[in-house]
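# A look at the structure
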Amino acid sequence: MSEKHSKLTFYGGTGIVTGANFLLEIDGENGKSLRILVDCGFVQGGSDSHTLNAKAFPYEPNSIDILFVTHAHLDHVGKIPKLVKDGFKGIIYSTRTTRELAQVIMEDSARLLLKDAGNNPKKVIYNEEDILSAMRLWKDIPYHTKTDIGFGVSVYLKDAGHILGSAMYEFSRSGRNIVFTGDLGNSPDLLLPDTEKITDANYLLMESVYGDRNHESKEDRKQKFVQIVKDNIARKGVLVIPAFSLERTQIVLYELDEMVEQKLIPSIPVFLDSPMAIRVTEIYRKEMPNGFNDTIKKDIESGDDIFSFPNLKYTLTTDESKAILGSPNPKIIIAGSGMSNGGRVIHHEKNYLPDPNNTLLMMGYEAVGTLGRTLMDGAKSVNIYGENVAVRAKVANIQGYSAHKDSDHLIEFVEDTKDTVEKVFCVMGEPKSSLFLVQRLRDYVGVNAMMPKLGESFDLNF
Ligand SMILES: [Zn+2]
């Protein structure tokens, strides 16, 4: 077979955590090429994110053959309905769980877009109809099954251990392999199996959110969480946890369930105040025990419902949500969004931040430009819905619950394939994180690593 070439272009998610969008053009016979996208996500955080998300694609959507989706987070799926609206007619592939979760995430996104557009349906980036059109193109692809996609190329999915359904995509042709990691899980994870190893990549496109730092230890994070809950109970305060609906919420519920079961804390009212998190949790329940790690599988088999415990209330309606304010303290409120850039958590922040007995606990990545990041950076007052709100509550943050690998574990991940890898593209991180990882990979692993520029293309021997 004559030597073939492919071109990889970074249309999003480089030099930035969010907005993942990569185009792989694979040369075939007779001048034809297979045009593959991996992920099509929203940019999140920053004053220009809406403008960026509304912008036309830098390629013709109807020229794309297949879109592969690594996992259901908004920064990987947010722009899919727009892709379809703008002419994409190919196939969308992901695991079944990712497809189901992505629909929930995109529908929530459509609601927020409509709200942001002042309820003017003519001004939205996409609507529910566009999501349904996308769902009609969507096909499931299982883990650990080689699937031919034409041009002599096959794809194989491995578990990324990041959120339920998350997958790494390994494309192979003539013994050459390109791997797209999507986001990589912080294994060992409380709920999920470990990230699988990659040992034979020639090209590796990997995330680098925490490329420049390590997480606190997993023992420390639980202790810290228990202590924050206990202190808050002692002050009869309200503990507000802005939680990502997908994965973080389920982890927090699992930890609280365990704390009560292990009698580390008394049972106090816990409100899951996020319609989206409630829907996502239902999908987690439905998938059980598929996709969970062995410990959880045993828990489930022994009859433990890991997402429900006495005193946990799912508040679906607006009225139920508003009633939380009148319920007695101490209490815990878990609400979205995780970066406090939308959702019900903002109302709770407005209500509870001025009281020093309360605690705001952040447990994940807060993008630059979001209210969550401003609070995390120590603001003494914030503007919420045009009102100046004093921040007297304790603001805590536990980063050990991140769903991403930290710097040491990213290095370890690459070490498994250092003998075969010719180029590592460090993406999906802020520049300082990606560049720090690039340097560490060059110095400690001895591989050719780099951070591509937005819009930059590379010819690959594939
Ligand atoms: Zn993710």
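Quantities reported herein were computed from a predicted structural model and do not represent experimental measurements. Along each chain, residues carry numbers from 1 onward, in the same order as the chain's sequence is written. Reporting of local features is limited, given that this is a predicted model, to residues whose pLDDT is at least 70; pairs of side-chain atoms are given and counted only at 80 or more, and all residues count toward the totals for whole chains, interfaces and linings. As a rule here, side-chain values come from all non-hydrogen atoms in the structure, and water together with hydrogens is ignored.

## Focus: helix α6 (residues 218–234)
- End to end, α6 covers 25 Å across 17 residues, agreeing with the expected 24 Å (1.5 Å per residue, within 8%).
- Relative accessibility decides the category of a residue: with a 1.4 Å probe and only protein chains considered, values under 20% of the type maximum give buried, values over 50% give exposed, and everything between is partly exposed. The way it works is that DSSP assigns letters per residue, a run of H or I at least four long becomes a helix, a run of E at least two long becomes a strand, and they are numbered from the N terminus. Among the residues of α6, Arg221, Lys222, Phe225, Val226, Ile228, Val229, Asn232 and Ile233 are the ones counted as buried. Buried residues in α6, looked at end-on, bunch into an arc of 160 degrees, giving them a common side. Facing away from the buried side of α6, by more than 90 degrees, are the exposed residues Glu219, Gln223 and Ala234.
- Tucked into the core, α6 has its buried residues touching β12 (238–242), α7 (248–261), β15 (331–335), β16 (359–362) and β19 (394–397).
- The positive-phi residue at the C-terminal boundary of α6 is Lys236, with phi of around 55 degrees. For a helix, the expected span equals 1.5 Å multiplied by the residue count minus one. Picture the helix axis, draw a direction to every C-beta atom, and the arc is the one those directions span. Whether two residues are in contact is decided by their heavy atoms, any of which lying within 4.5 Å being enough.

## Description of the sheet that holds strand β10 (residues 176–180)
- At least two bridges found by DSSP between two strands are what make those strands a pair. If you trace the seven strands from one edge of the open sheet to the other, you get β7-β8-β9-β10-β11-β20-β21, paired in mixed fashion. Edge positions in the sheet fall to β7 (147–150) and β21 (449–450), since each has one partner strand and no second.
- Bridge analysis of strand β9 (residues 167–173) against β10 gives five bridges, and the strand direction is antiparallel. In the strand pairing of β10, Glu170 is matched with Val179.
- Where helices are involved, their axes are fitted lines through C-alpha atoms of the stretch in contact, as for all axes, and angles between N-to-C directions lie from 0 to 180°. Those strands touched by helix α14 (residues 431–445) are β11 (203–207), β20 (423–427) and β21, and its axis lies near 155 degrees from that of β20.

## Here's the deal with the pattern of salt bridges
- By convention in these notes, a salt bridge is any Lys or Arg side-chain nitrogen within 4 Å of a carboxyl oxygen on Asp or Glu. Following the criterion strictly, the structure yields 22 salt bridges and no others.
- Glu287 is paired through a salt bridge with Arg96; the nearest N and O atoms lie 2.6 Å apart. Residue Glu287 is found in helix α8 (residues 275–287), and its partner Arg96 is found in helix α4 (residues 96–116); the two are separated by 191 residues along the sequence.
- Here Arg344 makes a salt bridge to Asp273, at a shortest N to O gap of 2.6 Å. Taken together, the positions of Arg344 in the loop between β15 and α11 (345–352) and Asp273 in the loop between β13 (270–272) and α8 put the pair 71 residues apart, joining distant regions of the chain. Asp273 carries the same exposure label as Arg344, and that label is buried.
- Each of the salt bridges in this network shares a partner with another, and the network as a whole consists of Asp212, Arg213 and Lys432.

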